[in-house]
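# Working through the structure, step by step
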Amino acid sequence: MEITYNCWHGCHKKSEGCLNCYVYRRDEAIGKNANEVYKTSFFDLPIRKDKKGNYKYKSGTTFDMCFSSDFFIEEADVWRQDVLNFIKIRNDCKFMCITKRPERILECIPDIETYDNLVIYCTMENQKRFDERAPIYLNLPLKYKGIMIEPMLERIDITKYLDKDIDIIACGGESGDNARVLDFNWVKEIRQLCIKKGINFYFHQTGAKLLIDGKLYNIPRKFQHSQAKKAFKD
Ligand code: SF4
């Protein structure tokens, strides 16, 4: 079972990939300010129990954390240790988060190598951010390393990082009315390099605007994941 676990909500735009952030879009639509970071009512979700005293979320559950924030946002420094304690308590479950702030990981969790059930992915959307974040992220003492290139904003040369320990690289486009274009050639190039180096590759979603051989396709939201899945079925 996989469940979204938003222990806090709100974030600050950090880099180019944040321009059309869905948290901001969604909050604006309901008159909220996504720049305000607050602890949510779901904060203790992993350790909630039912009437019989059993954990509400069974052993083997994957908690997908911070889909409406960043686990390493500064405001959460005062709350994070509680969540880290939940992660230790629920060592029968897996916790997953995606960050644009790899430079804060060790500062926030100095004993990161003791968290076997916490997987931290790092997202890098263009060459500038790849060159900035990959050297930090790939040198962390993490047991599993996953890079998300999403929204992929340009062709990225990743060759100099391929000898590092990387478990998976995922690519994806951008959704929403103002989505920026994803050129399928950029994705194909990353995939080829992954195949060559034995790194797992995943095309997560096409985004709303996909360029294939010079032709621009507008992909409706509901097909963005399924089309990506079909893209490399050869
Ligand atoms: S880091 Fe993520 S959640 Fe935060 S503003 Fe950027 S895209 Fe949005």
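## Re the site of the ligand
- As a matter of local geometry, the ligand sits amid C11, K13, K14, G17, C18, C21, V23, S69, D70 and K100.
- Here the shell around the ligand is built from residues that sort into 4 nonpolar, 2 polar and 4 charged.

## Structural notes on the sheet that holds strand 9 (residues 182–183)
- Within the open sheet, the 3 strands sit side by side as 9-11-12. Their pairing is mixed. Two strands close off the open sheet at either side, each with one partner strand: strand 9 and strand 12 (215–218).
- The pairing of strand 9 with strand 11 (residues 209–212) spans 2 bridges and is classified as parallel. Opposite L182, over in strand 11, you have L210 as the bridge partner.

## Observations regarding the domain arrangement of the protein
- The domain architecture assigned to the protein consists of domain 1 (1–121) and domain 2 (124–234).
- Put simply, the middle of domain 1 and the middle of domain 2, counted by C-alpha atoms, are 23 Å apart.
- Listed by partner, the interface residues are 17 residues for domain 1 and 20 residues for domain 2.
- Within the residue set of the side of domain 1 that touches domain 2, elements represented by two or more residues are helix 1 (22–29), helix 3 (105–108) and strand 6 (118–123).
- When residues of the side of domain 1 that touches domain 2 are assigned to their parent elements, the largest contribution, 3 residues, is made by strand 6.
- Partitioned by chemical class, the residues of the side of domain 1 that touches domain 2 number 9 nonpolar, 3 polar and 5 charged.

Thresholds applied
- Residue numbers run consecutively from 1 along every chain, following the written order of its sequence.
- This being a predicted model, a pLDDT of at least 70 is required before a residue's local features are given, and a value of 80 or more before pairs of side-chain atoms are given or counted; all residues contribute to the totals for chains, interfaces and linings.
- Nearness here has a simple definition: the residue's C-beta atom, placed using the backbone, must lie within 6 Å of the molecule or strand.
- Residue classes follow a fixed rule: Ala, Val, Leu, Ile, Met, Phe, Trp, Tyr, Cys and Pro count as nonpolar, while Asp, Glu, Lys and Arg count as charged, and any other residue, Gly among them, counts as polar.
- When DSSP finds two or more bridges between a pair of strands, those strands are recorded as paired.
- Helix and strand definitions here come from DSSP, where helices need a minimum of 4 consecutive H or I residues and strands a minimum of 2 consecutive E residues; each element is numbered from the N-terminal end.
- The split into domains, and so the bounds of each, comes from an automatic or database assignment of domains.
- Here, residue contact means that the backbone-derived C-beta atoms of the two residues sit within 7 Å.

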